[in-house]
Amino acid sequence: MSTWTKWFSRNLTSNSLFRKNHTIFLLFLCFGILSGCGMGTSSSWLQPSSPLLAKKIQRYPKSADTYIELAQKSESPEKEKYQLDAVGRLIQDDSLSRAEELLQQIQTTHLPVELTNQKLLLKSKIELANSKPEQALSTLGDIQQVNTLTEEQNFDYHSTLADAYAKQGNYFYSIQQRIKLEPLIHDPNLTTSNQQQIWQTLSEISPEQLHSLELETNQKELKGWVQLASLVKEKSDQPSALKTGIKEWMSRYPEHPATPIAQYTLSRIENVHSIEANKIALLVPLNGPLSLPGKAVRDGFIAAAKNAGKGEDKVQTYDTSTGDIKTLYQQAVQNGAEVIVGPLDKNKVQTLADDSNLVTVPTLALNYSAPARLPNNLYEIGISPQDEAAQVAAKASQQGYKNAIVIAPSGAWGQGIAETFADQWKKQGGRIADRMAYSPKQNFTKPIKQLLHAYNGKGRGKSARGGSRHDVDMVFLVATPSVARQVVPLFKFYYAGNIPIYATSLVYNGTPEPALDRDLNGVIFCDMPWVFEDGGNLEKNYEQTSPQWPSALNRYTRLYALGFDAFNLSQQLTRLDTSPELGISAHTGKLYANADHRVSRQLQWAKFQNGTPEIIS
């Protein structure tokens, strides 16, 4: 059972997670200037995913080698059946390259249609696991006489279709396939997983699209799913109305498969109340070494308040660069603050976390404290480089890569990010083939040459090409644009340009520079949606709040986005508390709350093409 499934099932009938107090969630941006090494969290268990449901079934009990031996001793068509079983076991073991190689050797042209279809189903699974949904759909379209598929084949057919459509962004078709899949599942855990994936897929559909879908469909089960998703999205910041709406939904659909989700949502909102803060205290540094980050957060916060029709008189800012944080916090409470946002400094956040008697009002801090149980009114979210590293590991693993080179700055900050990646990579079955710790001012030619085992030859000669290593299939790079522009071309120079390079948001300064970034073509990285939004509107927001900010736009744009989201979250916190699995789409990412008082964000992915980041799925 997945971690998400365990958490979902455990909390379905429990109210232990819910507080009578208003709930607030903390935002944090862990740049080196704010927190040194920072503290990574692993909240990816709550982020949406589209795993191959069929892979969860241990359908092939024998090893692949055993099936191959049985095939060698058998005659056709039993021989091909054992070979196909071997391919199935290899897919089950995530040995995709070997599975694809063996599958290509199996000839089923003159065999029963059942075996021909089995080969196509296995082929589609491999294609989907290699992130080729279009090819998978095409292969599934070649299946003959779908109505004659065995029950197992029918299960694989609909589950693979569902995942392929989801990866394409065709959420409606994906949900339809999962509904068809429901009666074919006989394992309660897999039933729960399938329902969760329907729910998560619905979370990707806008309220407007959900409304259109509800009007267009005549399928009662699909209509029930859509109506529940619409209800939760529209009323999640109104607990009383949501509670009433869910009860009405349950009376209309008494035996609907989504009933457990409805019951779960009801349990979460039992003691949650709406919050409409008229007085908000913002605690950020306005002087000293953190003044520019603090002002960026402040300006984003004020811009969001104005955008929501709230005047600046609703927000009172306190400068945390001077004075004791406890004193400032108490002063804000005495002045009538109903919600407190901040502080930004890691040590000051730790001070609040260590004093359960101090945090008396909902508090949205902007950094992490050390792992521990937090006061009831204190919540945390990590949007740190460590979180990005974990998402890179997950993304690359989903693409089927297994052997990684890690390149990161020497020192605690860079190596902390590298270790987070390595830990997540190993958990997902990956291997660290090599590492390189660098100084930003060094010459990279010799270290990269040694890293790629291109020892012989002085240039691009045959010996240099022959010496390049072939035991790696991806690179994790932690580097600024200036460093990356030196490193990436060297991979191409030493004939390793075919190895995909993944990076954190550090690789992009936030403004397109095609002439300089052509050297980064092919590099894949994750970043907050804000960075990829319309630059003209971004600059306009800055100019409206503080005329001096356009000059510092590149460096602090992500902190500005943090401030913008911090205000919006402070106004709609019950959405995170009542339906954490649906998330909130924000400028810093799609935000999800877990049971440990922390919120994670799902980032956007981009790839440098012609020197400019292009959004990829």
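Residues numbered from 1 in each chain as written. Predicted model: local features only at pLDDT ≥ 70, side-chain atom pairs only at ≥ 80, totals over all residues. Heavy atoms only, no water.

Draft legend 1. Main features of helix α19 (residues 412–427). Taking 1.5 Å per residue as the helical rise, α19 with its 16 residues ought to reach 22 Å, and the 22 Å between its terminal C-alpha atoms agrees with that figure. For α19, the set of buried residues is Gly414, Ile417, Ala418, Phe421, Ala422, Gln424 and Trp425. Count one or two residues on from α19 and you reach Gly429, which has phi positive near 85°. (Helix = DSSP H or I, 4+ residues; strand = E, 2+ residues; numbered from the N terminus. Expected span 1.5 Å × (residues − 1). Buried < 20%, exposed > 50% of the residue type's maximum accessible area, 1.4 Å probe, protein only.)

Draft legend 2. Representation of the sheet that holds strand β7 (residues 431–438) in the model. The strand order across the open sheet built from seven strands is β7-β6-β8-β9-β10-β14-β15, with neighbouring strands paired in mixed fashion. On the outer flanks of this sheet lie β7 and β15 (612–616), each paired with one strand and no other. For this sheet, the mean inter-axis angle between neighbouring strands, taken without regard to orientation, is 25°. Pairing of strand β6 (residues 403–409) with strand β8 (residues 474–477) involves four bridges; the strand directions are parallel. Bridged to Val406 within β8 is Phe476. The strands touched by α19 within the sheet are β6, β7 and β8, with β6 carrying the most contacts at an inclination of about 165°. Contacting β6, β7, β8 and β9 (501–503), helix α22 (residues 481–493) crosses the sheet at an angle of about 165° to β8. (Pairing = 2+ DSSP bridges. Axes fitted to C-alpha atoms, helices over the stretch in contact; angles between N-to-C directions. Contact = heavy atoms within 4.5 Å.)

Draft legend 3. Region of the structure containing the nonpolar core. Val341, Ile407, Ile448 and Phe491 are the most contacted members of the largest nonpolar core, which totals 61 residues. Examining the composition of this core, we find that eight residues originate from one element, helix α26 (residues 553–571), more than from any other. Setting aside chain neighbours within four positions, we find Val341 in contact with Ile280, Ala281, Leu282, Leu283, Phe301, Leu364, Leu366, Ala566 and Ser570. Counting 24 residues, the second largest nonpolar core, distinct from the first, contains Leu202, Leu210, Trp225 and Leu231. (Core = buried A, V, L, I, M, F, W, Y, C linked by side-chain atoms within 4.5 Å.)

Draft legend 4. Seen up close, unusual backbone geometry. With omega at 5°, the peptide bond leading from Ser76 into Pro77 counts as cis. As for its placement among the helices and strands, Pro77 is situated in the loop between α3 (64–72) and α4 (78–92). With an omega dihedral of 5°, the bond running from Gly342 to Pro343 counts as a cis peptide bond. One can find Pro343 in the loop between β3 (339–341) and α17 (346–353).

Draft legend 5. Fine view of the environment of Ala241. Within the fold, Ala241 resides in helix α13 (residues 239–252). In this structure the C-alpha to C-alpha distance between Ala241 and Leu231, which are ten residues apart in sequence, comes to 9.4 Å.

Draft legend 6. Here's a closer look at the sheet that holds strand β1 (residues 280–284). Strand order in the open sheet formed by eight strands is β2-β1-β3-β4-β5-β13-β12-β11, with mixed pairing between adjacent strands. The sheet terminates laterally at β2 (315–319) and β11 (584–586), the two strands that pair on one side only. In the sheet, strand β12 (residues 589–593) pairs with strand β13 (residues 598–602) via four bridges, with the strands oriented antiparallel. Bridging from a neighbouring strand, Ala593 pairs with Val599 of β13. Sheet strands touched by helix α15 (residues 291–307): β1, β2 and β3. Its angle to β1, the strand with the most contacts, is close to 160°.

Draft legend 7. Structural detail: the pattern of salt bridges. As enumerated under the stated definition, the model contains 16 salt bridges in all. Of the charged contacts, one joins Lys125 and Asp156 as a salt bridge, the two residues approaching to 3.3 Å between their closest N and O atoms. Linking Lys125 in helix α6 (residues 113–129) with Asp156 in helix α8 (residues 151–168), this pair joins segments that are 31 residues apart in sequence. Of the two residues, Lys125 and Asp156, neither departs from the other in class, the shared state being buried. Linking Asp527 and Arg558 is a salt bridge whose minimum nitrogen-to-oxygen distance equals 2.6 Å. A residue pair is termed long-range when its members are at least 10 positions apart, and Asp527 in strand β10 (residues 524–527) and Arg558 in helix α26 qualify at 31 residues. Accessibility expressed as a relative area gives 9% for Arg558, which makes it buried. (Salt bridge = Lys/Arg side-chain N within 4 Å of Asp/Glu carboxyl O.)

Draft legend 8. Spatial organisation of the packing of aromatic side chains. The tally for this structure, following the rule as stated, stands at 17 aromatic pairs. Their ring planes at 55° and their centres at 5.6 Å tell us that Phe172 and Tyr173 sit as a pair that is tilted. When its relative accessible area of 29% is taken as the criterion, Phe172 is described as partly exposed. With 5.7 Å between their ring centres and 45° between their planes, Tyr508 and Phe525 make a pair best called tilted. A residue pair is termed long-range when its members are at least 10 positions apart, and Tyr508 in the loop between β9 and α23 (514–517) and Phe525 in strand β10 qualify at 17 residues. (Phe/Tyr/Trp six-rings, centres within 6.5 Å; stacked < 30°, edge-to-face > 60°.)

Draft legend 9. Geometry of the pairing of β1. Burial within β1 is extensive, with five of its five residues counted as buried. On β1, burial covers both faces: Ile280, Leu282 and Val284 on one face and Ala281 and Leu283 on the other are all buried. Relative to β2, β1 is paired through five bridges, and the arrangement is parallel. Bridging from a neighbouring strand, Val284 pairs with Asp319 of β2. In this fold, β1 hands off to α15, which returns the chain to β2; that crossover is right-handed. Direction of pairing for β1 relative to β3: parallel, over a ladder of three bridges. Bridging across to β3, Ile280 finds its partner in Val339. (Right-handed = clockwise from strand over helix to strand, strands pointing away.)

Draft legend 10. The side chain of Gln424, seen in detail. Within the secondary structure, Gln424 sits in helix α19. Classification of Gln424 as buried rests on a relative accessible area of 11%. A distance of 2.9 Å separates a polar atom in the side chain of Gln424 from a polar atom in the side chain of Gln428. (Polar contact = N/O pair within 3.5 Å; in protein donor to acceptor, adjacent residues only side chain to side chain.)

Draft legend 11. Here's a closer look at α6. Relative to the 24 Å expected for 17 residues at 1.5 Å per residue, α6 spans 24 Å between its end C-alpha atoms, a close match to the ideal helical length. Buried residues dominate α6, accounting for 14 of its 17 residues. Once α6 finishes, Ser131 follows within two positions and takes phi at roughly 60°, a positive value.

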